[in-house]
Amino acid sequence: MTDPRVVIIGAGIVGANLADELALRGWTDVTVLDQGPLPLTGGSTSHAPGLVFQANASRTMTELARYTRDKFSGLDVDGAWCFNPVGGLEVATTPERLAEIERRLGWLQGSGVGAEVLSPAECVAKHPLLDREQVLGGLYVPTDGLAKAPRAVTALIRRASAAGVEFRGGVRVLGVEQSGGRVTGVTTTDGLVPADVVVSAAGFWGPAIGAMVGMRVPLLPLAHQYARTGQVAELVGRNSELQEAGLPILRHQDRDLYYREHGDRVGIGSYAHRPMPVSLTDLDEDGEVTATSMPSMQPFTEEDFAPSWEDTLTLLPSLAQTKVEEGFNGIFSFTPDGGSLVGESREVAGFFVAEAVWVTHSAGVARAVAELLVDGRSSVDLHALDVHRFEDVQLDPGYVSETAQQNFVEVYDILHPLQPRQSPRDLRVSPFHAREQALGAFFLEAGGWERPHWYEANAPLLEQLPAEWVPPVREPWAEQFHSPIAAVEAWKTRTAVAMYDMTPLKRVVVSGPGSVEFLERLTTSKMDKSIGSVTYTLFLDPAGGVRSDVTVARLGAEEFQIGINSGADVAHLEREAPAGVSVRDTTGGTCCIGLWGPLARDVIGRVSADDFSDGALKYFRAKQATVGGVPVTAMRLSYVGELGWEIYTSAEHGARLWDALWAAGQDSGIVAAGRAAFNSLRLEKGYRSWGTDMTTEHNPYEAGVGFAVRSPLDSFTGGTALAGVSADTVQRRLTCLTVDDGSSVVLGGEPVSVGGAVAGYVTSAAFGHTVGRPIAYAWLPASLQVGDGVEISYFGRPVAASVAAEPLVDPGMEKIRG
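Not measured: the values here are computed from a predicted model.

K.L.:
Go over the pairing of strand β25 (residues 441-446) with me, naming the residues and quoting the values.
P.N.:
Relative to strand β26 (residues 449-455), β25 runs antiparallel, the two being bridged by six bridges. Bridged to F443 within β26 is P452. In sequence, β25 turns back onto β26 through a hairpin of two residues, with G447 there showing a positive phi of about 60 degrees.

K.L.:
Now, about the packing of helix α1 (residues 13-24) against helix α8 (residues 362-375): what can you tell me, with residues and values included?
P.N.:
Two elements in contact, α1 and α8, have axes whose closest approach is 8 Å; the angle formed by their N-to-C orientations is 45 degrees. Here α1 is positioned oblique relative to α8, judged by the angle of their axes. The hand of the α1/α8 crossing is right-handed. Of α8, the residues touching α1 (which contributes I13, V14, N17, L18, E21 and L22) are S362, A363, A366, R367, V369, A370, L373 and V374. A per-class count over the contact of α1 with α8 returns ten nonpolar, two polar and two charged.

K.L.:
Explain the layout of surface pockets to me, using residue names and the numbers behind them.
P.N.:
By volume, the second largest pocket is sized at about 860 Å³. Contributing to the lining of the second largest pocket are 34 residues, with E344, L372, G376, R547 and R575 lying nearest its centre. Mapped onto the lining of the second largest pocket, the elements with two or more residues apiece are β23 (341-344), α8 and α14 (567-576). Per-element tally for the lining of the second largest pocket: the top contributor is α14, with six residues. Within the lining of the second largest pocket, the residues separate by chemical class into 14 nonpolar, ten polar and ten charged.

K.L.:
So what's going on with the pairing of strand β18 (residues 257-262)? Residues and values would help.
P.N.:
Of all six residues making up β18, six are buried, and the element is well covered by its neighbours. The alternating pattern of β18 places L257, Y259 and E261 and Y258, R260 and H262 on opposite faces, both of which are buried. In terms of strand pairing, strand β17 (residues 249-252) meets β18 through three bridges, oriented antiparallel. The partner of H252 across the bridge, within β18, is L257. Counting the residues between successive antiparallel strands, the hairpin from β17 to β18 contains four residues, one of them, D256, with a positive phi of roughly 60 degrees.

K.L.:
Give me the lowdown on the sheet that holds strand β10 (residues 145-147), citing residues and values where you can.
P.N.:
With antiparallel pairing, three strands are arranged side by side in an open sheet as β3-β10-β6. What marks the edges here is a single partner per strand, and that holds for β3 (51-52) and β6 (83-84). Relative to β10, β3 is paired through two bridges, and the arrangement is antiparallel. Paired with V52 across the bridge in β10 is G145.

K.L.:
Give me the lowdown on the packing of α1 against helix α5 (residues 149-162), citing residues and values where you can.
P.N.:
Packing of α1 against α5 brings their axes to within 9 Å, and their N-to-C directions diverge by 30 degrees. In terms of orientation, α1 lies roughly parallel with respect to α5. Here the hand of the crossing between α1 and α5 comes out left-handed. Each of I13, A16, N17, A19, D20 and L24 in α1 lies in contact with α5, whose residues at this interface are A149, A152, V153, L156, I157, R159 and A160.

K.L.:
Give a description of helix α3 (residues 95-110) that names residues and reports values.
P.N.:
Compared with the 22 Å implied by 1.5 Å per residue over 16 residues, the 23 Å span of α3 between its first and last C-alpha is a close match. Considered for burial, the residues of α3 that qualify are R97, E100, I101, R103, R104, L105, G106, W107, L108 and G110. G112 occupies a position one or two residues after α3 and carries a positive phi of about 80 degrees.

K.L.:
Quick rundown of α8? Include the residues and the values.
P.N.:
Since the α-helix advances by 3.6 residues per turn, residues separated by three or four positions end up pointing in the same direction. For α8, built from 14 residues, the straight-helix expectation of 20 Å at 1.5 Å per residue is met to within 8% by its first-to-last C-alpha distance of 19 Å. Counted residue by residue, α8 has eleven buried out of 14 residues, so it is predominantly covered. Residues S362, A363, G364, V365, A366, R367, A368, V369, A370, E371 and L373 constitute the buried set of α8. On its buried face, α8 sits against α1, α2 (59-73), β15 (197-200), β23 and β24 (351-355).

K.L.:
Mind laying out the packing of aromatic side chains, listing which residues take part and the relevant values?
P.N.:
In the structure shown here, the tally under the stated rule is 23 aromatic pairs. Here the aromatic rings of Y271 and F408 are separated by 5.4 Å at their centres, their planes lie at 65 degrees, and the arrangement is edge-to-face. On the criterion of sequence distance, the pair formed by Y271 in the loop between β19 (265-270) and β20 (276-277) and F408 in helix α9 (residues 397-409) is long-range, its members being 137 residues apart. A residue is classified by how much of its surface remains accessible, and Y271, at 7% relative accessible area, is buried. One aromatic cluster is present, formed by Y226, Y258, Y271, F328, F334, W358, F408 and Y412 through successive ring pairs. Across the ring face of F612, the terminal group of K623 is positioned such that the distance to the ring centre comes to 5.3 Å.

K.L.:
Could you give an account of the pattern of salt bridges, naming the residues involved and the relevant values?
P.N.:
For the structure on display, the rule yields 43 salt bridges. Its salt-bridge partner being R25, residue E371 comes within 3.9 Å of it at the nearest N-O pair. Separated by 346 residues along the polypeptide, E371 in helix α8 and R25 in the loop between α1 and β2 (30-33) bring together distant segments of the chain. On the basis of relative accessible area, R25 is assigned to the partly exposed category, the value being 28%. One salt bridge in this structure joins R151 and E244, with 3.8 Å as the shortest N-O distance. Highlighted residues: R151 in helix α5 and E244 in the loop between β16 (220-229) and β17, separated in sequence by 93 residues. Owing to a relative accessible area of 19%, R151 belongs among the buried residues under this scheme. In this structure, a network of salt bridges that share partners links the residues D20, E21, R25, K71, R159 and E371.

Conventions we followed
- Residues numbered from 1 in each chain as written.
- Predicted model: local features only at pLDDT ≥ 70, side-chain atom pairs only at ≥ 80, totals over all residues.
- Heavy atoms only, no water.
- Pairing = 2+ DSSP bridges.
- Helix = DSSP H or I, 4+ residues; strand = E, 2+ residues; numbered from the N terminus.
- Axes fitted to C-alpha atoms, helices over the stretch in contact; angles between N-to-C directions.
- Parallel < 35°, antiparallel > 145°, perpendicular 65-115°, else oblique.
- Left-handed = near helix turned anticlockwise from the far one by under 90°.
- Contact = heavy atoms within 4.5 Å.
- Nonpolar A, V, L, I, M, F, W, Y, C, P; charged D, E, K, R; others polar.
- 1 Å grid on protein atoms, 1.4 Å probe; cavity = no way out; pocket = protein on both sides within 12 Å on 5 of 7 lines; lining within 4 Å.
- Points joined across faces, edges and corners; volume = space filled by probe spheres on them.
- Buried < 20%, exposed > 50% of the residue type's maximum accessible area, 1.4 Å probe, protein only.
- Expected span 1.5 Å × (residues − 1).
- Phe/Tyr/Trp six-rings, centres within 6.5 Å; stacked < 30°, edge-to-face > 60°.
- Lys NZ or Arg CZ within 6 Å of the ring centre and 35° of its normal.
- Salt bridge = Lys/Arg side-chain N within 4 Å of Asp/Glu carboxyl O.

This is the structure in C-alpha cells:
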C-alpha cells in the first residue's frame, strides 16, 4: 500500500513542522504550498517574537510547548540556533498576581516542568533591568526560551526536502477539489495538485481555505503590537551577534506586556491596546515580502502603544535613556476560547485544519496532526483543540468576532476556572429558563447554554440545614462563583427530591438499518440488547484511549438515543456511520429534567398513571410514558447517585413538564438544583467526567471504567490495544482523595505529592456535602492504597489528603436501585 498524497497549505511554522513530522514517519509524498516566497512567506511566522513559555492551565498546551522547545533545541541553520534556552520569568506587581504565580507553579509541577517562585531580589538577579521596588515576586522556568521561527522554518524545509517533501512558494490556492465526499486535490495558480489528504495550516487565511470545502473555521485575525527600542546601555556587550539574547523572556502580565532582548535592544509586545480586527480582504496578498514588509505586518499605531511605553518605563526604568525606534502591528489568529483549531472536516473527509497555532506550540501541534494522519490518533489529548468543540451558534461570524476580541483583551488576565463570559449570553436557553429565572438561578455558560449553578430561592432553607450539612467557609478564591446554597440543594437531593435541568447535555439519535452493528463496532459494550435497555459505554481510539464515554438507550429495533459529550462525538459518529445509518443531533429540539431523590417516585406517581416501580422500570432501563399529560421518554439513570430518572420530551412540551413535576413535588419538599450540587454529588458517587477526569491519554482500566469493556476485544474499535491490560496491571490510576482537615477545598489542576515528590495532579474537586469533607480525584501511582497520605499543593499551601475507597456514598447501590 502506498502512502497517501498529502498537500499542506501554508509553509509557515506549522506547515513546515508538519511536513517534517510526516517525513520522519515515512510519509514523503507531501507537497507544501504557500502564496508567499520561501522561506519568509509573509505570514505570522515571519514576524513572530518567538517566546516559548510552558505554563498553561491546559496540560495539553504545556506538553505541546515542551515538545516544541525540545525539537527546536535540536535544530540549527549552519550552526545558528533555532532555540535559545534563556529561561522565562513572569513577574508579579500586585498581590493578586503573586498568588496567581503560585497557581501557575502548580500547573507546571503537575506537568513535570521544573520551575520556582522567586523573591523580588532573585527576580532582579535574573533580569537586572527590573526595578526592584515594582516587583513582588516572579515565576521562573529555566527551560523556557526563544524560538527563532523563520530560522526554524528554514531548517525544517531543508530537512523535509532532503527526505523528499516538495515545497512550492509563490503558489496561490484557488480551490479544494473533492469527489464522493472526499478531497481529491488542490487547484492552484500552477494547476491541480492531486491529494488524498489536505491540511490547511494557512494561519489567519484559514477561514478562506476552510470555506473552499464549506467548513466554517472560527478564527479572527487580530493585530498585536510589537516594538523595538534603540540601544540600551546596560545591554551593550552582553550578547554576541549570534546569541542575540541572554536574559530570560520577561512577562509583565499585570500590564499585558512581554519583553525579550534583540542584542543590545529590547523588544516589547503589548496586548494592552484595543482589539484591532483585520479583514482578510484588506490584506495585500500580492505585496512584496521582505523582512520589514509583509501582509501580516500592519503600520504601527503609536497612540495605542503610548500607555504601554509608560508602563514599561515603570518596570524597566533604564529604558528611559532610549526610545521606541520601530514597531508594527502584527497579525495573529484568535478563536472564541483562545485555543487552537485541529481536526478533520465534517463536510469533506481528508480535509484537516491546524490553525490558530502560536510558535510556542507549533511543533507539538504538528506532531499531533502527523500522528492523527499516520496512526489515527494523537499521543496527546486534543479535545480542547478539536475544531468541532464549538456549537453551531458559536461559529457565527459575529460570535467569533466578539469572543475572539474578548480573548485578546483577557489573554494575560487572572481568570477563575468557573468565570463565565459576560457577553454574548442567552444564546441557548432551555424551555425551563423562565421558571429558573423566577427561582433566582445563578447561571454559568457552556457551549452557549445558560446553565443554573444554584438557585437563590433556596437560600431560606439554609436556616433548616442540619449541622452536619453546613459547609465550611471557603477562602476567597474558592468562594468565587460559589454559594452555600449548593449545600441545601445537595441535602434536598439526598433526603427529599430535586429537579435538575439536564437539557444542555448533548444527545443524538442513531437510526437506520445496520445501527446495531455500527454501534457494536464503535463502542466497548454489547448493543444488541432488548428495546428499553440503557448502556454506559465508551468510544476508544486505536490505542485504547478513552475517546468519550456515552450512554446509549435502545428506543427501537434500529433506533438509539446516545448521550454524548461534545460536537466532536457527533463528528466521530457521522464519519464512521455506514450508508443507511443516520446520525441526528436532537439536543436543541428536546429537553430533559433529572428528577432525583428518595421521594422521586412519590412525585412522579402524582402526575403519571404509568408504572414507575422498580419492577416496571429497573435501573438502566428506559420506556415511553406520559407525565403531566406530556409524552416523555424516561430513563432510569442518575448521575447524582439517587433514585430517579432522566425525563426527556420535545422542547414544545418542556414548560408544561416542569410545571407538572414542580407542582407535584411541593408536598415532598422539592427544590430546583444546579450544577454546583450536581458536581459534588457525582464525585461522591465516583462518576467520571470525560475531558476532565479521563481523556484519550488514559485507558479504561486506569480511569476506573474497565467494567464497560466487553469481550472479545477484537470486536470493537481500540479493543485489541487493551490485550493484557487490566485493573491489576496499570501503573497509574484515577484515585479518590478526601482532604484531611475537612475544610480546605481545592478546585482542580493542583499538583499532588507522594513522599515529598510530585506524583500526579488533581482532575475534579468539590466539597462533598454528604460526607462532610472536600473530595478530589487525581491521577496517581496505582501502588497507593486506601488510607495512604498525599499532599495537594493549593496556591503553594500544602493540603493533606488521604486515598479513599470509592464510591464514598452508597457503595452497595441500594439508594439508586431502590
